[in-house]
Amino acid sequence: MARALKGLEDVISITVVMPIWQRTNPKDEHIGWMFADHSSSGNNVVTNSAGLGGPFPASYPSNEADPIFNAKSVREIYEKVNDKDGKYTVPILFDKKLQTIVSNESSEIIQMLNSEFDEYASSSEVDLEPEDMKEAMAAVDSWIYPSLNNGVYKCGFAHTQEAYNAAIDELTAAFDRAEDILSTQRFIAGNQFTLSDIRLFVTLLRFDEVYVVYFKTNTRSVANSSVLLNYCRDIYQMDGVAETVDMHQIKEHYFCSHPDLNKFSIVPRGPDLERLLQAPHGRESFDVKRRRISKGQVSISDEDKSNLKSDVSVDSLEVV
């Protein structure tokens, strides 16, 4: 997503792995990410790692074979560069010239994409981490990751009712906190889109389709929050963002990669959130320039008043 917003598609290539985890080596029990196998000798279909569910396609047109080592799994990439600690995760930012992994931490990678390749970016003027917003970004990031990004996993993989209760309480409070903030400003750290919004959006995007069902986060719903739904619409409709979303593969990964949570890998149909995200969002109203006049009142132009009336519902507008 950061790659698309910065206009780096022509200089940093991307290879999308297959969504369903498979056994990466017949000699051990590890399951993980696989590359697509488009060869005629490859398996046409796969099941989950327990041999159940599906059958699912072993490749999709948008998923490619490994272009560097012709590896079958992400694990092989790590082993090729002598990184064998067992955490064979994605995403990976890989240096093809030096044949090494630069980073496998998503928060680091999006920062690098924002600032380290501007001389090659077609949208180099886009700054997703402006200096004057770093303090505000750090403040929201401090709770977005533990309570939302990771909070859904704490709910889904809780092994006791006590642990789940604590996790869902924390998640629900964070969800409401994000909703409260975004009812008064366009983006999570202010009225400019930043890396913090990317961190929040990727969790909200999956919330109703995956986490509400799979991870039992059903105290809240994006579709039932006009504020958060319109916030997601705003981001989804930015140039290049929708093309980075493949809800079919997102759902196939979650519902089919953990047989202990979903033995037969049944994929729920879901609310079709992507369809909802195509409707107008009306959040341009937060960009209306307000001019202070006497006694601290706010003056808004007739044109802006007209836009507010036509674009924003009463329940999503708060005059401060």
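Scoring rules and cut-offs
- Residues numbered from 1 in each chain as written.
- Predicted model: local features only at pLDDT ≥ 70, side-chain atom pairs only at ≥ 80, totals over all residues.
- Heavy atoms only, no water.
- Salt bridge = Lys/Arg side-chain N within 4 Å of Asp/Glu carboxyl O.
- Helix = DSSP H or I, 4+ residues; strand = E, 2+ residues; numbered from the N terminus.
- pLDDT = per-residue confidence, 0-100.
- Contact = heavy atoms within 4.5 Å.
- Core = buried A, V, L, I, M, F, W, Y, C linked by side-chain atoms within 4.5 Å.
- Buried < 20%, exposed > 50% of the residue type's maximum accessible area, 1.4 Å probe, protein only.
- Phe/Tyr/Trp six-rings, centres within 6.5 Å; stacked < 30°, edge-to-face > 60°.
- Pairing = 2+ DSSP bridges.
- Axes fitted to C-alpha atoms, helices over the stretch in contact; angles between N-to-C directions.
- Parallel < 35°, antiparallel > 145°, perpendicular 65-115°, else oblique.
- Left-handed = near helix turned anticlockwise from the far one by under 90°.

**Side note on the pattern of salt bridges**
For the coordinates displayed, the defined rule picks out eleven salt bridges. Lysine 6 is the partner of aspartate 118 in a salt bridge, and the nearest nitrogen-oxygen pair spans 2.8 Å. Taken together, the residues aspartate 118 in the loop between helix H3 (106-115) and helix H4 (134-149) and lysine 6 in helix H1 (residues 2-6) connect sequence positions 112 residues apart. Among the salt bridges present, the one from arginine 75 reaches glutamate 79, with a minimum N-O distance of 2.9 Å. Of this pair, arginine 75 and glutamate 79 both sit in helix H2 (residues 74-80), separated by four residues, roughly a single helical turn. Overlapping salt bridges bring together Asp28, Arg75 and Glu79 as one network.

**Considering the confidence of the model for the protein**
Looking at the protein as a whole, its pLDDT mean stands at 88, while 88% of the residues score no less than 70. Per-residue pLDDT stays below 50 along residues 289-320; that stretch engages in 28 contacts with residues further than four places along the chain or on separate chains.

**Quick notes on the nonpolar core**
Counting residues in each nonpolar core, the largest one holds 59 residues, and the members touching the most others are Ile188, Leu200 and Tyr231. Ranked by the residues each element gives to this core, the list is headed by helix H7 (residues 195-214), at ten residues. For tyrosine 231, the contacting residues outside a window of four places in its chain are Leu182, Arg186, Phe187, Ile188, Asp197, Leu200, Leu204 and Arg283. In this structure, Val17, Phe35, Tyr88 and Phe94 belong to the second largest nonpolar core, which totals ten residues.

**Things to note about unusual backbone geometry**
Residue glycine 54 is joined to proline 55 through a cis peptide bond whose omega torsion reads 5°. Tracing the sequence through the fold places proline 55 in the loop between strand E3 (45-46) and strand E4 (56-57). Following valine 90, the chain continues into proline 91 via a peptide bond in cis, with omega recorded as 5°. With respect to the helices, strands and loops of the structure, proline 91 is situated in the loop between H2 and strand E5 (93-95). Here glutamine 99, not a glycine, exhibits a phi torsion of approximately 55°, which is positive. You can see glutamine 99 is positioned in the loop between E5 and strand E6 (100-103). Residue class for glutamine 99 comes out partly exposed when judged on its relative accessible area of 36%. In this structure, serine 265 is a non-glycine residue whose phi angle is positive, near 55°. In this structure, serine 265 sits in the loop between helix H9 (247-256) and helix H10 (273-276). For serine 265, a relative accessible area of 3% gives the class buried.

**A closer look at the packing of aromatic side chains**
Applying the stated criterion across every chain yields a total of 15 aromatic pairs. Measuring from ring centre to ring centre gives 5.9 Å for phenylalanine 69 and phenylalanine 94, while their planes differ by 90°; the resulting arrangement is edge-to-face. With a gap of 25 residues between them, phenylalanine 69 in the loop between E4 and H2 and phenylalanine 94 in strand E5 connect regions that are remote in the sequence. Among the residues examined, phenylalanine 69 registers a relative accessible area of 22% and is labelled partly exposed. Both rings, one in phenylalanine 187 and one in phenylalanine 193, keep their centres 5.6 Å apart while their planes meet at 85°; by these two values the pair is edge-to-face. Note on accessibility: phenylalanine 187 and phenylalanine 193 belong to one class, buried. Grouping aromatic residues by their ring pairs yields a cluster made of Tyr153, Phe157, Phe175, Phe207, Tyr211, Tyr214, Phe215, Tyr254 and Phe255.

**Side note on the pairing of E6**
Where E5 lies against E6, three bridges are found, and the strand directions are antiparallel. Of the residues in E6, the one forming a bridge with phenylalanine 94 is isoleucine 101.

**A closer look at the side chain of lysine 251**
Residue placement: lysine 251 occurs in helix H9. By relative accessible area, which is 8% here, lysine 251 ends up buried. Those residues in contact with lysine 251 that lie beyond four places of it in its chain are Glu209, Val210, Cys256, Val267, Pro268, Arg269 and Gly270.

**As for the packing of H7 against helix H8 (residues 226-236)**
The geometry of H7 relative to H8 is characterised by a closest axis approach of 11 Å and an angle of 115° between their N-to-C directions. If you check the angle between H7 and H8, you find them roughly perpendicular. Of the two elements, H7 crosses H8, and the hand of that crossing is left-handed. Contacts between H7 and H8 involve Asp197, Leu200, Phe201 and Leu204 from the first element and Leu228, Tyr231, Cys232, Ile235 and Tyr236 from the second.

**A short note on the environment of proline 268**
Relative to the helices and strands, proline 268 is located in the loop between H9 and H10. Residue proline 268 is classed as partly exposed on the basis of its relative accessible area of 25%. C-alpha of proline 268 to C-alpha of tyrosine 214: the two residues are 54 residues apart in sequence and 9.4 Å apart in space. Contacts of proline 268, omitting those with residues within four sequence positions, involve Val213, Lys251 and Phe255.

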